[in-house]
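# Architecture and fold: a report
Each chain is listed here by its residues.
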Amino acid sequence: MKHPNLSVIALALVISACGSGGKSDGSTPPPTTTLQVCESMGGAGVTVSETARCTGCSSTDVAKAADEDVASNSVVVAAFSLGGQPISIRATNPARRFTAGKKAGVYLTYPSGSGGSASVTSLTTTVATYLDGGLQESASASSSSSTLTRQQVQTGASDYPETFAYFTTTKPFDAVEVRISNAGTSNASLKIYELCGNGSP
């Protein structure tokens, strides 16, 4: 049963070797099995919107970034930009205010070959919180510095997120935003699965 002000998504990735394309003789190991928990920003009263779009950037199905379903996703294309202009998606839910001390973050999958939670050379990932429309806090991760934790949560299952990017808040908030900027030389496509007011890798 859902608490009226709290949506908790628990997704157990129990994947057999046969079901994932692995061999039953064990020669190809199955994907990592993990438990993902997300107190989603979604639910009654949520508004999900693209809050910034760099030239050449795009997004599809932004509502899926806060639909209380970790298995569905929005797709964000971050075009390369010398100025590092971002594309961002924000989920706002005044009915779901979170207190300080939560792990605000996003479940996502970086472009193929980027190594999950490893540094992604050209991309900067930022998670920000807001309250009543005003910026509260933010944390970022890039190849040169990081105040944002990026933890790999599973590998080998293409329909589920690989990384939880988050920071521990010190202020209350009612909105979570993810921003992606790309200083590389080619576009990068990312899957945004869920914006969480409080998550666990």
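Scroll up to find the structure this text is about.
This write-up is about the structure you can find in this document. Here the residue numbers are simple positions, counted from 1 along each chain's written sequence. Only residues with pLDDT of 70 or above have their local features reported here, since the model is predicted, and side-chain atom pairs are shown and tallied only from 80 upward, although totals for entire chains, interfaces and linings are computed over all residues. Calculated side-chain values reflect all of the structure's heavy atoms, with hydrogen atoms and water omitted.

### Some words on the nonpolar core
- In this description, a nonpolar core means a group of buried Ala, Val, Leu, Ile, Met, Phe, Trp, Tyr and Cys residues linked to one another through side-chain atoms lying within 4.5 Å. Note on classification: 1.4 Å probe, protein chains only; a residue is buried when its accessible area is under 20% of the maximum for its type, exposed when over 50%, partly exposed between these limits. One finds Val106, Leu190 and Leu195 to be the most contacted residues of the largest nonpolar core, which totals 31 residues.
- Strands are runs of DSSP state E lasting at least two residues, helices are runs of H or I lasting at least four, and both sets are numbered from the N terminus onward. It is strand E13 (residues 188-200) that provides the largest number of residues to this core, a total of four residues.
- Any two residues whose heavy atoms approach within 4.5 Å are treated as being in contact. In this structure, Val106 is in contact with Val127, Thr163, Phe164, Ala165, Val178, Ile192, Glu194 and Leu195, ignoring residues within four places of it in sequence.
- Membership of the second largest hydrophobic core comes to eight residues, among which are Tyr107, Phe164, Tyr166 and Cys196.

### Quick notes on the packing of aromatic side chains
- Stacked, tilted and edge-to-face pairs are distinguished by plane angle, under 30 degrees for stacked and over 60 for edge-to-face with tilted covering the rest, among Phe, Tyr and Trp rings (Trp via its six-membered ring) whose centres lie within 6.5 Å. Scanning all chains against the criterion turns up three aromatic pairs.
- Here the aromatic rings of Phe98 and Phe173 are separated by 5.4 Å at their centres, their planes lie at 10°, and the arrangement is stacked. You can see Phe98 sitting in the loop between strand E6 (86-92) and strand E7 (103-109) and its partner Phe173 sitting in the loop between strand E11 (163-168) and strand E12 (175-182), a full 75 residues away along the chain. Each member of the pair, Phe98 together with Phe173, is buried.
- In this structure an aromatic cluster arises from ring pairing among Tyr107, Phe164 and Tyr166.
- Positioned over the ring face of Tyr130 is Arg90, at 3.6 Å from the centre of the ring. Placement of a positive charge over a ring is assigned whenever Lys NZ or Arg CZ falls within 6 Å of the ring centre and within 35 degrees of the normal to the ring plane.

### Concerning the sheet that holds strand E8 (residues 123-131)
- Taken in spatial order, the five strands of this open sheet run E3-E6-E12-E8-E9, and their pairing is antiparallel. A single partner strand is all that each edge strand has here, and the edge strands are strand E3 (47-52) and strand E9 (134-141). Going from strand to strand, the sheet's axes swing by 20° on average, the running direction of each strand aside.
- Two strands are counted as paired when DSSP detects at least two bridges linking them. Taken together, the five bridges between E3 and E6 define a ladder with antiparallel strand orientation. Paired with Val48 across the strands is Ala91, a residue of E6. Note on method: axes are straight lines fitted to C-alpha atoms, helices fitted across the in-contact stretch only, with angles between N-to-C directions ranging 0 to 180 degrees.

### Brief notes about the state of the cysteines
- Note on terminology: disulfide denotes any pair of cysteine sulfur atoms within 2.5 Å. Per the counting criterion, the structure on display carries two disulfides.
- A disulfide bridge connects Cys38 with Cys196, and the sulfur atoms are separated by 2.1 Å. Of note, the bridge from Cys38 to Cys196 carries an S-S torsion of about -115° and is left-handed in sense. Of the two residues, Cys38 is situated in strand E2 (residues 35-40) and Cys196 in strand E13; the sequence distance between them amounts to 158 residues.
- Cys54 shares a disulfide with Cys57; S-S distance 1.7 Å. Its torsion about the S-S bond being -75°, the disulfide of Cys54 and Cys57 is classed as left-handed.
- Given the relative accessible area of 4%, Cys54 is considered buried.
- For Cys57, a relative accessible area of 6% translates into the label buried.

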